[in-house]
Amino acid sequence: VAALAGGSALAAAVSPLRHLNPDDIPSVAEFFQKHYKEMTDEDKESVFSRIRQEVQSRHHVAAQLSDPPPMDGVEFVYGLNISRCIGCRKCVHACVEENNQSRSPEIQYIRVLEMEKGSIDVETANHHYDPEDVPNPDKWYMPVQCHQCAKPPCVKVCPVEATWQEPDGITVIDYDWCIGCRYCAAACPYWARRFNFAEPRYPEDEEGRAELNEDMNYLSNRPRGMGVMEKCHFCLQRTRAGRMPACLEVCPVGARHFGNLLDPESQVSQILRTKQVFVLKQETGTLPRFFYYFDQE
């Protein structure tokens, strides 16, 4: 695996899509950084210290970088009430701010599909609707993001194990390990993966500080670079600390529900027991942990 580490870092460094800025040339430590799952606590702290320094140097932000592990006895799932979604996209923009996605170009993890009433064909849905008012009475809306599959095809195709599934059901990406091959994007049936074709940019205040969420996590919302993949990770910097995802908190109509499937008293467990739920593209066999349901009349 050590040889793989050196090979993956070298491939990342020479890729024509990465490290075009001389300041971005990887250090020796970055070249030979161990795989995340092989790091000791001391290894991790050394890497985290380097990342904090990079964030301070590049963005003039004092990152509070953490690494909360998966909790025992927890399997996170998401339930979305399509009957309530009004297509306002507030979830999209809350996600961008919380997870430090690039603003120019803006990278969005959540894609809200606008569909004709009576249609369930997601392939012909409008991904880029822009009306003055929502909801449109002739339409209905389906937000789509990473479905945190129990059998994630993205993990299977990654040639360097830069993405994997954690015990709490969240599929994560190590941005330092990713070589930008985009195999995972091709494998995902839910359009969930995003690739940084350009160096991410963020608004800055008058003193040159980037408008970033300083509460950062190594495997989630720390700043990414050009040439790597990213995606929704259920806001693990929040959810592993007992909070709800940013998209859920901002939803004005209460369409979103999140929690521990293994807790029979959780709201999501009750929804799965009492509602008629379905998953998107069930025929793919990915076993999503993202469920949709309608209000029962």
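In case you missed it, the structure is sitting above this.
Source: prediction; values computed, not measured.

## Brief notes about the overall build of the protein chain
- Along its length, the protein chain carries nine helices and twelve strands.
- Classification of the 297 residues of the protein chain by burial places 52% in the buried group.
- Within the protein chain, contacts between residues separated by at least 24 positions form 67% of all contacts whose residues are at least 6 apart in sequence.
- Put simply, the protein chain shows about 14300 Å² of open surface, and 51% of that area lies on carbon and sulfur atoms.

## A few points about the pattern of salt bridges
- Counted under the stated rule, the structure contains 17 salt bridges.
- Between glutamate 166 and arginine 240 there is a salt bridge, and its shortest N-O distance comes to 3.1 Å. Linking glutamate 166 in the loop between strand E5 (163-165) and strand E6 (171-173) with arginine 240 in the loop between helix H7 (236-239) and helix H8 (246-250), this pair joins segments that are 74 residues apart in sequence.
- For arginine 240, a relative accessible area of 7% puts it in the buried group.
- Salt bridges sharing common partners tie together Arg50, Glu54, Asp174, Asp176 and Arg222.

## Examining the state of the cysteines
- Scanning all chains against the criterion turns up zero disulfides.
- Unpaired in this structure, cysteine 158 has its nearest cysteine sulfur neighbour in cysteine 181, at a distance of 5.9 Å.
- Here cysteine 184 stays free of any disulfide, with the sulfur of cysteine 181 as its closest cysteine sulfur at 6.4 Å.
- The exposure class of cysteine 184 is buried, given its relative accessible area of 9%.

## Looking at the nonpolar core
- Within the largest apolar cluster, 54 residues are counted, with the highest numbers of intra-cluster contacts made by Met142, Tyr218, Phe234 and Tyr292.
- Looking at this core, the elements that each hand over two or more residues are helix H3 (41-59), strand E2 (76-81), helix H4 (90-98), strand E3 (111-116), strand E4 (139-144), H8 and strand E12 (290-293).
- What methionine 142 contacts, discounting residues up to four positions off in sequence, is Ile82, Arg111, Val112, Leu113, Met115, Val122, Phe278, Leu280 and Tyr292.
- The next biggest cluster of nonpolar side chains, apart from the first, holds twelve residues, and it includes Cys158, Val160, Phe195 and Val228.

## Some details on the environment of glutamate 45
- When you line up the elements, glutamate 45 lands in helix H3.
- Separated by 22 residues in sequence, glutamate 45 and aspartate 67 have C-alpha atoms that sit 9.7 Å apart.

## Observations regarding the sheet that holds strand E10 (residues 256-260)
- Reading across the sheet, the four strands line up as E10-E2-E12-E11 and stay open at both edges, with mixed pairing between neighbours. Only two strands of the sheet have a single partner each, and these edge strands are E10 and strand E11 (277-278).
- Pairing of E11 with E12 involves two bridges; the strand directions are antiparallel. Directly across from valine 277, in E12, lies its bridge partner tyrosine 293.
- Contacts from helix H9 (residues 267-274) reach E2, E10, E11 and E12, with the element oriented near 110° to E10.

## Focus: H3
- Look at H3: 26 Å from first C-alpha to last across 19 residues, which is about the 27 Å you get at 1.5 Å a residue.
- By the burial criterion, the buried members of H3 are Lys44, Val47, Phe48, Arg50, Ile51, Val55 and His59. The arc that holds the buried residues of H3, viewed along the axis, is 160°, so those residues lie on one side. Seen from the buried face of H3, the exposed residues on the opposite side, beyond 90 degrees, are Glu42, Gln53 and Ser57.
- Positive phi shows up at histidine 60, right after H3, with a value of about 60°.

## Observations regarding unusual backbone geometry
- Residue proline 105 follows serine 104 across a cis peptide bond; omega there is -5°.
- Tracing the backbone shows proline 105 in the loop between H4 and E3.

## Some details on the pairing of E12
- Side-chain alternation along E12 places Phe290 and Tyr292 on one buried face and Phe291 and Tyr293 on a second face that is also buried.
- As paired elements, E2 and E12 share four bridges and run parallel to each other. Bridging across to E12, leucine 80 finds its partner in tyrosine 292.

Rules used throughout
- Residues numbered from 1 in each chain as written.
- Predicted model: local features only at pLDDT ≥ 70, side-chain atom pairs only at ≥ 80, totals over all residues.
- Heavy atoms only, no water.
- Helix = DSSP H or I, 4+ residues; strand = E, 2+ residues; numbered from the N terminus.
- Buried < 20%, exposed > 50% of the residue type's maximum accessible area, 1.4 Å probe, protein only.
- Contact = heavy atoms within 4.5 Å.
- Areas by Shrake-Rupley, 256 points an atom, 1.4 Å probe, with all protein chains shown as cover.
- Salt bridge = Lys/Arg side-chain N within 4 Å of Asp/Glu carboxyl O.
- Disulfide = S-S within 2.5 Å.
- Core = buried A, V, L, I, M, F, W, Y, C linked by side-chain atoms within 4.5 Å.
- Pairing = 2+ DSSP bridges.
- Axes fitted to C-alpha atoms, helices over the stretch in contact; angles between N-to-C directions.
- Expected span 1.5 Å × (residues − 1).
- Arc of directions from axis to C-beta.

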